[in-house]
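Architecture and fold: a report
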Amino acid sequence: MDDTWSFVTEQVIPGLNLGFWATVQLAVPSALLGLFTGIVVGVLRVYGPRPAQRLANGYVSFFRGTPLVVQLFCWYFGLPQICLFIESLGPVMGVLNALHLAWVPRLLVLSPMGAAILGFSLCSGAYHSEYVRGGLMSIRTGQIKAAQALGMSPMQTVLHVVLPQAVRRALPGCGNEIVYLIKYSSLASVVTVNELTGMARGIAKSTWRNTEVFFTVGVYYLLLVTLATFILGWVEDRLSLPGFERRRE
Amino acid sequence: MNDSDIILKVEGLSKAFGNKPVLQDATFTQRRGTLKVLVGPSGGGKSTLLQCINYLIPPDQGRVWLDGRQINPKSRRELSAYRQEVGMIFQDFNLFDHLNALENVRIALLKVKGMAKAAATERAMAELARVGLAGKADLYPAQLSGGQKQRVSIARALAMDPKVLLLDEPTSALDPELIGEVLTVIKDLAQAGITMIMATHQISFSASLADEFLFMEKGRIVEHGSPAELLGKDCCSRTQAFCAKLSELAGDAGQ
Ligand SMILES: Nc1ncnc2c1ncn2[C@@H]1O[C@H](COP(=O)(O)OP(=O)(O)O)[C@@H](O)[C@H]1O
Ligand SMILES: [Mg+2]
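Computed from a predicted model, the values in this text were never measured in an experiment.

What follows concerns the pairing of strand 9 (residues 212-217) of chain B. All names here are of chain B. Along strand 9, five of the six residues are buried, which leaves the element largely enclosed by surrounding structure. Strand direction decides the pairing type here: strand 3 (residues 35-39) and strand 9, joined by four bridges, are parallel. Along strand 9, the bridge assignment pairs V39 with F215. In this sheet, strand 10 (residues 220-225) lies alongside strand 9 in antiparallel orientation, the contact comprising five bridges. If you follow F213 over to strand 10, its bridge partner there is G225. Where strand 9 folds back onto strand 10 in an antiparallel hairpin, the turn is made up of two residues, including K218, whose phi is positive at roughly 50 degrees.

Below you can see the structure in the form of structure tokens.
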């Protein structure tokens, strides 16, 4: 027992603390970017011009329809291939060189962290957009007519009438998605980010003590999810209005 | 009749949904400070006419003049300016559910008219007081009765200083005991000289205030005239027959 305790405190926790920060650095920007993407895409899907609707729907089907691991591989290993391909095209590089833009294809080579954040944001955004879309469609057309009758432009109507209500209605769903994101951030280890799960796997491999390591990493995720749930609940309370009460389970 | 007396002129407004005409060639002029009342059976096109007037439903044909200026609905800016001058009251209130009474009245002053917050708040409070709701300023739609919601929506429209107010069956969604408070407000507006067009089934109430009745059926204005002309005892107008039937059915809910 003593041995387990000292193993966990001396070998597991220091390593996992590093992974913990990597997970936070991964999950927080991905959650924010994903939410932003989801709102923009959700609005486009409901109110956008027809071509934008098509494009946005296509985006959602693609990202919901393919495994996240595959998406991550594409961003991390696939994009550099495209970079190499562009750099192998003499005439194209000639033009870019002349414009002093030869560095542009290199933008496609992402750091592991960059690729993971891009992948999570885009995937999460697709799911968020579903909740946002549902929220938007729950706003009665009467309120939109009332806004127009007061002289509001379509943009003002969306901004001041539709979105504030849709966001409140979408919040519980989006909150769930953020909790999922924290858990699927563990996939970042496949593109060599040393986040919690990656670190845990490394420690387990070198020490052969799977039980202690993976039990401890479970506690870390539980802590993160609890913290996120608490923050989301606080946000929901802050945004709660008569008629838009937080539904407590 | 002086031309500058005419505030609103509507000519040949028509609208079809698919190949079903729901509004055909609606034409009329309205003088400042008068109240026109639209009556007629459900589905007759009253709501369509009112919403075509401010282009919430784009008419297929027809033209509208406000205060001598023809409206060009293709220009977004002009349309917005025009809509600010034409208030609209809906049957089911259409308050913004996420804003309290004060914010509902104030939002267009802030966002559309670009007023400063203090001035907009003061104006909004004055309009709420006018409809008798100064004490309910911080309640949300979910906390208001139907009659109170409709009064907030009237305050919201009045705050924009409209030249014309369009009312689409403002009391039809209300419980009978709440109709009176809204009718009182509408009566005050009529007496204050606000120009209004109102679709309603409250016949005796509106007969006492209206300058003109328009009877609509199957998308057409089939009769128009003063209440006295159309509703006189020995008059045999369609309006008279329709109104008699209404009061028979409702025991005259207009009282
Ligand atoms: N968006 C729409 N699509 C198709 N038909 C409609 C639509 N809106 C109204 N109508 C039809 O137009 C006719 C007139 O409706 P309306 O103007 O609401 O009449 P009223 O207000 O006098 O009851 C009705 O027959 C209704 O079914
Ligand atoms: Mg109607």
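Next comes the rest of the description.
What follows deals with the site of ligand 1. Residue and element names in this part refer to chain B. Neighbouring residues of ligand 1: F17, K20, V22, P41, S42, G43, G44, G45, K46, S47 and T48. Within the contact set of ligand 1, an oxygen atom lies 2.7 Å away from a side-chain nitrogen or oxygen of K20. G44 has a polar backbone atom sitting 3.2 Å from an oxygen atom of ligand 1. Alone, ligand 1 offers 570 Å² of accessible surface; in the complex the protein occludes 61% of this. Residue assignment for the shell around ligand 1 shows that the elements contributing at least two residues are strand 2 (20-31) and helix 1 (46-53). Looking at the shell around ligand 1, the element that brings in the most residues is helix 1, giving three residues. In the shell around ligand 1, the residues fall into three nonpolar, six polar and two charged.

Looking now at the interface of chain A and chain B. With 22 residues of chain A in contact, the opposing surface of chain B contributes 26 residues. Both sides together, the interface formed by chain A and chain B hides about 2,000 Å², and carbon and sulfur atoms give 64% of it. Summed over the shared surface of chain A and chain B, the result is zero salt bridges. Mapped onto the side of chain A that touches chain B, the elements with two or more residues apiece are helix 6 (141-149) and helix 7 (154-184) of chain A. When grouped by side-chain class, the residues that make up the side of chain A that touches chain B number eleven nonpolar, eight polar and three charged.

So, about the nonpolar core. The biggest cluster of nonpolar side chains holds 87 residues, and the ones touching the most others in it are L8(B), I53(B) and Y82(B). At eight residues, helix 6 (residues 176-191) of chain B tops the list of elements feeding residues into this core. Here I53(B) is in contact with L8(B), V10(B), L13(B), F28(B), V64(B), Y82(B), L166(B) and I197(B), once residues within four sequence places are set aside. Core analysis: the second largest hydrophobic core is formed by 44 residues, F7(A), I117(A), F120(A) and V225(A) among them.

By the criterion of burial, strand 3 of chain B is predominantly enclosed, with five of the five residues buried. Burial of the side chains of strand 3 of chain B extends over both faces: L35(B), V37(B) and V39(B) are buried on one face and K36(B) and L38(B) on the other.

As summarised here, the arrangement of the four strands in space is 2-1-4-5 (chain B), forming an open sheet in which the pairing is antiparallel. Here the strands that pair on one side only, and so sit at the sheet edges, are strand 2 and strand 5 (69-70) of chain B.

On to the confidence of the model for chain B. On average, residues of chain B carry a pLDDT of 91, and 96% of them reach 70 or more. Of the two predicted TM-score estimates for the complex, the pTM is 0.83 and the ipTM is 0.91.

Definitions and cut-offs
- Residues numbered from 1 in each chain as written.
- Chains lettered and ligands numbered in written order.
- Predicted model: local features only at pLDDT ≥ 70, side-chain atom pairs only at ≥ 80, totals over all residues.
- Heavy atoms only, no water.
- Buried < 20%, exposed > 50% of the residue type's maximum accessible area, 1.4 Å probe, protein only.
- Helix = DSSP H or I, 4+ residues; strand = E, 2+ residues; numbered from the N terminus.
- Pairing = 2+ DSSP bridges.
- Near = heavy atom within 4 Å.
- Polar contact = N/O pair within 3.5 Å; in protein donor to acceptor, adjacent residues only side chain to side chain.
- Areas by Shrake-Rupley, 256 points an atom, 1.4 Å probe, with all protein chains shown as cover.
- Nonpolar A, V, L, I, M, F, W, Y, C, P; charged D, E, K, R; others polar.
- Contact = heavy atoms within 4.5 Å.
- Buried area = accessible area lost by both parts, 1.4 Å probe.
- Salt bridge = Lys/Arg side-chain N within 4 Å of Asp/Glu carboxyl O.
- Core = buried A, V, L, I, M, F, W, Y, C linked by side-chain atoms within 4.5 Å.
- pLDDT = per-residue confidence, 0-100.

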